[in-house]
Each structure stands twice: as C-alpha cells, then as structure tokens.
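# Observations on the model geometry
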Amino acid sequence: MKHIYIQEVVARDGLQIEKQFVATEQKVNLINELSTAGVDKIEVTSFVSPKAVPNLSDAEEVMRGIKRIEDVSYTALVPNLKGAERAAMCKVDEVNLVASVSETHNLKNVRKTVKESFSSFQDVITFLSGTNIKINGTLATAFGCPFEGSIPEDNVMKWIDSCLDMGANGITLADTTGMATPKQVYHLCRKVLGHWPDLQLTLHFHNTRGMGLANVLGGIHAGVNIFDASLGGLGGCPFAPGATGNICTEDLIHMLTFMGYHVNANLDQFIHLSRNLENIVGHQVPGQIIKAGKITDLHPV
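Residues numbered from 1 in each chain as written. Predicted model: local features only at pLDDT ≥ 70, side-chain atom pairs only at ≥ 80, totals over all residues. Heavy atoms only, no water.

## What to know about the overall build of the protein
Scanning the protein from N- to C-terminus turns up twelve helices and eight strands. The globule rule puts the C-alpha radius of gyration for 301 residues at 19 Å, and the 18 Å found for the protein is close to it. Principal-axis analysis of the C-alpha atoms places the extent of the protein at approximately 60 × 40 × 35 Å. Out of the 301 residues in the protein, the part that is buried amounts to 55%. If you take every contact in the protein between residues at least 6 apart in sequence, the share linking residues at least 24 apart comes to 74%. As displayed, the protein offers around 13200 Å² of accessible surface, 52% of which is attributable to carbon and sulfur atoms. The average position of the 25 basic charges and that of the 31 acidic charges among the side chains of the protein differ by 4 Å. (Helix = DSSP H or I, 4+ residues; strand = E, 2+ residues; numbered from the N terminus. Rg over C-alpha atoms; globule rule 2.2 N^0.38 Å. Buried < 20%, exposed > 50% of the residue type's maximum accessible area, 1.4 Å probe, protein only. Contact = heavy atoms within 4.5 Å. Areas by Shrake-Rupley, 256 points an atom, 1.4 Å probe, with all protein chains shown as cover. Lys, Arg positive; Asp, Glu negative; His and termini not counted. Charge placed at Lys NZ, Arg CZ, Asp CG, Glu CD.)

Printed below as a string of structure tokens:
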C-alpha cells in the first residue's frame, strides 16, 4: 500500500494558542520524543514577535535545545525577513511561509494584503538563497474562508504559481477553519497535481466540522501523500470564529494503519505522548483514540 508521510505541528500550531505558557524544557522534551516516534517532519516553533504569540517567545531556545535525528526535518514558521534571520541563525532545515488566499482573513491574521505578504516572501527567499534551508509556502483558507466563503480554485492555482516562481520547494494547502469537504479536496488536489505532477504537496486540515480525516482520504485518492497533523488534535486558528484544532496525529495514524497504509509513525508511542500532553497543557485534548482505544483493544465479556 501507499506510503503516507506525517508532519507533526503540535509544538507550533498546537501550542501557539494555549493560554498557559508551556515551559521551554517541556517543549524540548516533547519534540525530542516526537523525533523518536517516527514522524517525518516536525514544525518546531515560529519566529514571530513574542508579543504576538507569547507561548512561542522561546523559539531560539527550543530550536537550539532539541536533539535532531537525521531522518527528521525540523521546520519553523517565519512571518518576515527578521524571522527568517532568526531561523537561519538556529540552522532550521526549512522555513514555512504562510499567507491566506482570502484577502479578509489575511488582513485579519497579519494585517497585510495577500500581495503584501507575497512581497515579504520574496525578501525571505532572496535572503535564504544560497543556503541549504528549504522553503515551503503555505496557502491558508485554500478550501474556504469564514468571512468570504468559497475560494475560487483559480485563485489558489495563481498563488501556488507565485510561490513556485519565487523559489518555494513545496506547497501546503491549508483548510484553516475546517470548511473543506472530501469531494472538494479531491478535485482541487487533482487539478494542482495535474498541473504540477512533481510538486511536493502537503495538506493541512482542521477538524472544525468533524471532516478532517475524511478530507485526508479525499487527498490520498487524489494522489497526495503528505499530511500535517497535531498531537492530541491541539490547536486552531485564533482569528476565525468557532475554529477548533488540527486533525489529531494519533487518530490519523490509527486510521491509516488499519486501512493498510504504510506510515513511519509508531501508534502506541503517539498514544502515550498524547496522554502525557494533557498533563503538559493542563486540560483534555480532542483526540479520540486516547479515549476509546485502538480497534484491536478488546474487552472481557
């Protein structure tokens, strides 16, 4: 069966909206444990203003404190040239540049038009040219905006083209507020991969309306094999009404494993990490497998 690659985003996307500050040592330990759990990439942190995202104010300390494993890629979100300079000093493997394809959401999120965001992308890419640091372009609200509604596919295609023209190595299409449907995911991804067959395409789903894992299957059927997920289902967009967390990593691994897909991630290890995550953040997490158990966990009569 097909190999599916899983990219863990809990340390950045998951922790960024937590009200309680998670200690640097806890973040480092969590990332180190994730590194040995079989994920292919970890989004470690974001080099944003500490005032904007207090829980990621220790970005340098975390990035420099983790133990890197050869087969795992360590990436960080950067909002601008200053963030890219900080990330480069920490020797990240990849930077993630994010812009919404919705003008309204982009203005609300980063107070820039989409064109202004892409202009700052060019500054980052120019700065990083000649280094070994890869560049991934993430298009948020690619499947729908809570303020504007449906996003025309041609708009998504246009901004993918712009990212690649500037020098991005990969593209992520993000369902930032959980508005995607499996059919929509399938058609858009078929269109994208039909135009760029060799594109390293990642899908980033939120489970706001309970369709996250179904949307993964829509992406797989379209030919996508790289997916973001967050341990415990932690996270969510802080700028969208009612938005809940990302798809849950251990739930995703469970589904793929029992469907016969090959994943590097160790399901039992992820279940253990998710249960411990509740102690770290001080509340329950949305994941289902840590509550219900695996489908092979039988009970006495």
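Further notes follow.
## Quick word on unusual backbone geometry
Even without glycine at this site, K91 takes up a positive phi of about 60°. Tracing the chain through its elements places K91 in the loop between α4 (81-89) and β4 (94-100). With relative accessibility at 61%, the residue K91 sits in the exposed group. Of note in this structure, T141 is not a glycine but carries a positive phi near 50°. Along the chain, the position of T141 falls in the loop between β5 (134-140) and α7 (153-166).

## Observations concerning helix α8 (residues 182-195)
With 14 residues, α8 extends 20 Å between its outermost C-alpha atoms, agreeing within 8% with the 20 Å of an ideal straight helix rising 1.5 Å per residue. For α8, the set of buried residues is V185, L188, C189, V192 and L193. The buried residues of α8 all sit within an arc of 125° when viewed along its axis, so they share a single face. Among the exposed residues of α8, those pointing more than 90 degrees away from its buried face are K183, G194 and H195. Turning to α8, the residues buried within the fold contact α7, β6 (170-175), β7 (201-205) and α9 (212-222). (Expected span 1.5 Å × (residues − 1). Arc of directions from axis to C-beta.)

## Digging into helix α6 (residues 114-128)
Across its 15 residues, α6 extends 21 Å between first and last C-alpha, which sits within 8% of the 21 Å expected from 1.5 Å per residue. Within the span of α6, buried status applies to V114, S117, F118, S120, F121, V124, I125 and L128. The buried residues of α6 all sit within an arc of 160° when viewed along its axis, so they share a single face. Exposed and oriented more than 90 degrees from the buried face of α6 are K115 and T126. Packed against the buried residues of α6 are α4, β4, α5 (103-110), β5 and α7. The positive-phi residue at the C-terminal boundary of α6 is G130, with phi of around 90°.

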